[in-house]
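Listed here are the chains, written in short residue letters.
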There are 2 protein chains.
Amino acid sequence: MSGANSVNEQRLWQRHADMAKLGGTPKGGVNRQALSPEDAAARNQLAAWAKARGFEVFTDAIGNLFVRRAGTDPQAAPVMSGSHMDSQPTGGRFDGMYGVLAAFEALEALEDAGIRTRRPVLAVAWTNEEGSRFQPGAMGSAVFAHPERLATMLQQKDWEGVLLKDALAETLKAAPAPMRELGFPVASYVEAHIEQGPRLEAAATTIGVVTAIQGSRRYIVTVEGEEAHAGTTPRAARKDAYAAATRLAAALYDATADHDDTLRFTIGRVEVSPGSPNTVPGKAVFTIDMRHPDDTVLADREAAIERLLAEKTAPCTASLEKIGAMPPTDFDPKVIALVRDTAQALGLRHMEMPSGAGHDAMHIASRCPAGMIFVPCERGISHNEIENATPADLAAGTRVLVEVLEALANR
Amino acid sequence: MSGANSVNEQRLWQRHADMAKLGGTPKGGVNRQALSPEDAAARNQLAAWAKARGFEVFTDAIGNLFVRRAGTDPQAAPVMSGSHMDSQPTGGRFDGMYGVLAAFEALEALEDAGIRTRRPVLAVAWTNEEGSRFQPGAMGSAVFAHPERLATMLQQKDWEGVLLKDALAETLKAAPAPMRELGFPVASYVEAHIEQGPRLEAAATTIGVVTAIQGSRRYIVTVEGEEAHAGTTPRAARKDAYAAATRLAAALYDATADHDDTLRFTIGRVEVSPGSPNTVPGKAVFTIDMRHPDDTVLADREAAIERLLAEKTAPCTASLEKIGAMPPTDFDPKVIALVRDTAQALGLRHMEMPSGAGHDAMHIASRCPAGMIFVPCERGISHNEIENATPADLAAGTRVLVEVLEALANR
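What you see is a predicted model, and the numbers here were worked out from it, not measured in a lab.

Student: Hey, could you go over the overall build of chain A for me, with residue numbers and the actual values?
Tutor: A count of helical and extended segments in chain A gives 13 helices and 16 strands. Taking 2.2 N^0.38 as the reference for a compact globule, 411 residues should give roughly 22 Å; the C-alpha atoms of chain A span a radius of gyration of 22 Å, in line with that estimate. Along the first, second and third principal axes, the C-alpha set of chain A runs to 80 × 45 × 40 Å. Counting only residues that meet the buried cut, chain A has 58% of its 411 residues in that class. Residue pairs in contact within chain A that sit at least 24 positions apart in sequence constitute 79% of those at least 6 positions apart.

Right, here's the structure in full:
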């Protein structure tokens, strides 16, 4: 038996169904935000499956959860694969979870096939990839790659003011695991993920050989005006924070429209206060998420945002806080070649492509050779409860993954 | 002693200070939303003061709270004065509360002066004038004037989904009072209120003789698109509900700007979902509050809103729900004249003016002759925690009120 032949499509699909119950929504998606009770339940589920197979389970100071299948060389650094189990508030069943379950299926397939590897093989579930509850996203992998960032991250607060430190302590209490060193050496890293875009489906192609991740920048814009009575205050006397925020947002959408539709610009979260229908808003806060493969384009648009902030919001005042910035990531040429050659050898249609979304792999790529494997998702829809993928595609990506991990674990 | 001479400026000011503690905020304002525990505390406070003076206290099916000073003619319908004790989420200490405490001070002043009136004089605190928690505002007075609306109002929900019926039951349990018939006959009604605008202060005038209330319309706009991943979805493939809502809002601000700055247009509440920084919004909901002295202008702008809704939101869809409409209210000429003549007789500077804000008096005016008395507030600022007024102006308005009520109660 090869590892690829031991991949069990039905088991993998059932594990997705089991995980989808944890934070499952009536529309068939999941709400399993980082460090929530649903996140803790998913951690306990993964740990239970791991222990049933005799794999070791441990965590680290930011709550990343590891499952370890031993290798033959006790000194060798492990190869690692995984993704995240947290979701958007109205997220899908596959975003992140597929990468964790594919990695775990790879461990099980190696076990079922009786394959010994020189290096240990680890499956990992990174903490808080989504960044919808706590900023920034891809936090667990960032702290793993840069342990010096831990202290700052622990002080982050969610939108209700809950400290990440406290939410993490709650989660680790509800889903306990032995604590190990943060940021231990890793030989190589490969992450499987649904594409979250339409290209593979459109090309009737099963495997995306991911070459790079586009750069991204995240901001919070705060517009401050003055609360006033909606019935008595003439427009000329108002400092209407939402009217100013609307002028600014309209100008930002215009300033970020590019002719080839490559720049991604999103205002995803908006809070207007005091939020009463008959009070002129005194404050409006919104987020900006901006991405492009070319970092100089992002720098240029950031300068445009700063200019518009001052131009469009008088008589209110506005400020821009940069809460995250990732330059574009290029994956390791040898890992890219290994993924491509493995898909080829398994007779799977494949294509090289960059990733539009950020992934934990972008941080780990700064620590070791890294790559990613994409599989198609229906209509390219993600961050949506109707996100979908086929059992056959999920299994195909996992077959590539297990062969790649085996090869890397014997290098 | 006349009623006006018995008005006790210090007592009135102290009562405002006592009430400001119930829901008081660090910035010196109040958060005492309708049917909240803070609202119940204010009801208990008013009832305690009333009972200490031997006045009767009762409520009705929508939770309006009445304080009654008996008259000499047991058959005569009462004259009534009051306003509301609920506040905006970040409201001031005087909006509404002044009208309730001025009415109560009038009862006490009549009592202190030993004045008997033919008709009973009632002080009233209307339920949910602000409409910030439950829609629509001025609910208690509306139901008093139109008891057939009670059943509908009881089914209203707040933004968290709490039924008004349940919040009302909780409040009446925490602040119990004998229940009386809804919408009993009233001989006349006069409401005191801070101006909530800048005109009296600018004219160094103490008393506003209110002639009318401008018309208002309230709407909820819902824009629906499709959630998608912020990093992978090209703009051309997006149905971004917030981008569409921004185009619409920008066009609405433009379409409602009038050359003499008379039309009031406010977007006060905005909700964008799922509210995650890296998900393209699938839904955006916002409120519109629009007011003008001329109802035909409101009808014309409503038609413009409907037109823009379709024009500006493609490829998303949008709908407009009208949740409230009040035509302009003209107050009773005899009550207006009485307020004016009383201010004149007391030697107080006064001017006639319409009200920019809606008030409970607009509903009661459909049931009996009604009028209003305005006093200045600092810089015209209201619906804001820094709302302010002077003890002297509050007392002056109350002196006019007690004389007007005495005259009406002997007619």
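Student: Provide a residue-level description of the relation of the copies chain A and chain B, including the pertinent values.
Tutor: Mapping chain A onto chain B leaves a residual RMSD of 0.1 Å; the transformation is a rotation of 180° accompanied by 0.1 Å of translation along its axis. The operation mapping one copy onto its partner corresponds to a two-fold rotation axis. Within chain A, the C-alpha atom positioned nearest to the axis of rotation is that of Thr246 of chain A, 3.0 Å from it. In this assembly the copies share their binding face: 100% of the residues contributing to the interface of chain A also contribute to that of chain B.

Student: Tell me about the packing of helix H9 (residues 241-255) of chain A against helix H9 (residues 241-255) of chain B, and please be specific about residues and values.
Tutor: Interhelical geometry of H9 of chain A versus H9 of chain B gives an angle of 125° and a closest axis separation of 9 Å. The pairing of H9 of chain A with H9 of chain B is recorded here as oblique in orientation. Crossing of H9 of chain A against H9 of chain B: the hand is left-handed. Counted together, Ala243, Thr246, Arg247, Ala249, Ala250 and Tyr253 of chain A of H9 of chain A and Ala243, Thr246, Arg247, Ala249, Ala250 and Tyr253 of chain B of H9 of chain B form the full contact between these two elements.

Student: Quick one: what's the story with helix H3 (residues 37-52) of chain A, residue by residue and with numbers?
Tutor: Residue and element names in this part refer to chain A. Compared with the 22 Å implied by 1.5 Å per residue over 16 residues, the 23 Å span of H3 between its first and last C-alpha is a close match. Among the residues of H3, Glu38, Asp39, Ala40, Ala42, Arg43, Leu46, Ala47 and Ala50 are the ones counted as buried. Structurally, H3 contributes buried residues whose contacts are with helix H2 (9-20), strand E1 (56-59), strand E2 (65-69), helix H4 (97-113), strand E4 (121-126) and helix H7 (164-174).

Student: Hey, could you go over the domain arrangement of chain A for me, with residue numbers and the actual values?
Tutor: Residue and element names in this part refer to chain A. What the domain assignment reports for chain A is domain 1 (3-214 + 328-409) and domain 2 (216-326). Once you take the C-alpha centre of each, domain 1 and domain 2 turn out to be 34 Å apart. Every contact between the two is made by eight residues of domain 1 and, on the other side, 10 residues of domain 2.

Student: I'd like a rundown of the interface of chain A and chain B, residues and numbers included.
Tutor: In this assembly, 54 residues from chain A lie in contact with 54 residues from chain B. Broken down by secondary-structure element, the contributors of at least two residues to the side of chain A that touches chain B are strand E7 (215-224), strand E8 (228-229), H9, strand E9 (264-266), strand E10 (270-273), strand E11 (279-280) and strand E12 (283-292) of chain A. Each residue belonging to the side of chain A that touches chain B can be placed in one class, and the counts come to 20 nonpolar, 25 polar and nine charged.

Student: Tell me what's going on with the environment of Val272 of chain B, and back it up with residues and numbers.
Tutor: Locating Val272 of chain B in the fold gives a position in strand E10 (residues 270-273). On a C-alpha basis, the gap between Val272 of chain B and Lys21 of chain B in space is 34 Å, while along the polypeptide they are 251 residues apart.

Student: If you had to explain the environment of Ala343 of chain B to someone new, which residues and values would you point to?
Tutor: Residues and elements named next belong to chain B. The residue Ala343 is located in helix H11 (residues 333-345) in this model. Judged by the 25 C-beta atoms lying within 10 Å of it, Ala343 falls in the buried class. Through-space distance from the C-alpha of Ala343 to that of Gln196 is 20 Å; in sequence the pair is 147 residues apart. Not counting residues up to four positions away in its chain, the partners in contact with Ala343 are Ile207, Val209, Leu348, His350 and Val400.

Student: Summarise unusual backbone geometry; cite the residues concerned and give the values.
Tutor: All names here are of chain B. The residue after Gln135, namely Pro136, is reached through a cis peptide bond having omega -10°. The residue Pro136 is located in the loop between strand E4 (121-126) and helix H5 (139-145) in this model. Although it is not a glycine, Asn128 adopts a positive phi angle of roughly 50°. Its location among the elements puts Asn128 in the loop between E4 and H5. A positive phi angle, close to 65°, is found at Gln196, a residue other than glycine. Along the chain, Gln196 turns up in the loop between strand E5 (188-194) and helix H8 (199-202).

Student: Quick one: what's the story with the packing of helix H2 (residues 9-20) of chain B against helix H4 (residues 97-112) of chain B, residue by residue and with numbers?
Tutor: How two helices sit against one another is set out by the angle between their axes and by the gap between those axes. Residues and elements named next belong to chain B. Remark: H2 packs on H4, axes separated minimally by 10 Å, with the N-to-C direction vectors making an angle of 135°. Classified by the angle between their axes, H2 and H4 sit oblique to one another. Of the two possible hands of crossing, H2 and H4 adopt the one that is right-handed. From H2, Arg11, Leu12, Arg15, His16 and Met19 reach across to H4, where they touch Met97, Leu101 and Glu105. Across the contact of H2 with H4, the residue classes tally to four nonpolar, one polar and three charged.

Student: Run through the pairing of E2 of chain A, naming residues and quoting values.
Tutor: On a regular strand, each side chain points to the face opposite its neighbour's, so the side chains alternate between the two faces of the sheet. All names here are of chain A. Along E2, four of the five residues are buried, which leaves the element largely enclosed by surrounding structure. As consecutive antiparallel partners, E1 and E2 are separated by five residues, and within that stretch Gly63 has a phi angle of approximately 90°, a positive value. Summarising the sheet, E2 and E4 pair through five bridges and their orientation is antiparallel. Considered in E4, the bridge of Leu65 is made with Ala125.

Student: Please provide a residue-by-residue account of H4 of chain B, values included.
Tutor: All names here are of chain B. With 16 residues, H4 extends 22 Å between its outermost C-alpha atoms, agreeing within 8% with the 22 Å of an ideal straight helix rising 1.5 Å per residue. Taking burial as the measure, the 16 residues of H4 include 14 buried ones, the bulk of the element. Backbone geometry just downstream of H4 places Gly114 in the positive-phi region, at approximately 65°.

Conventions used here
Residues numbered from 1 in each chain as written. Chains lettered and ligands numbered in written order. Predicted model: local features only at pLDDT ≥ 70, side-chain atom pairs only at ≥ 80, totals over all residues. Helix = DSSP H or I, 4+ residues; strand = E, 2+ residues; numbered from the N terminus. Rg over C-alpha atoms; globule rule 2.2 N^0.38 Å. Buried ≥ 20, exposed ≤ 12 C-beta atoms within 10 Å, placed from the backbone. Contact = placed C-beta atoms within 7 Å. Least-squares fit on C-alpha atoms with pLDDT ≥ 70 in both. Axes fitted to C-alpha atoms, helices over the stretch in contact; angles between N-to-C directions. Parallel < 35°, antiparallel > 145°, perpendicular 65-115°, else oblique. Left-handed = near helix turned anticlockwise from the far one by under 90°. Expected span 1.5 Å × (residues − 1). Domains from an automatic or database assignment. Nonpolar A, V, L, I, M, F, W, Y, C, P; charged D, E, K, R; others polar. Pairing = 2+ DSSP bridges.

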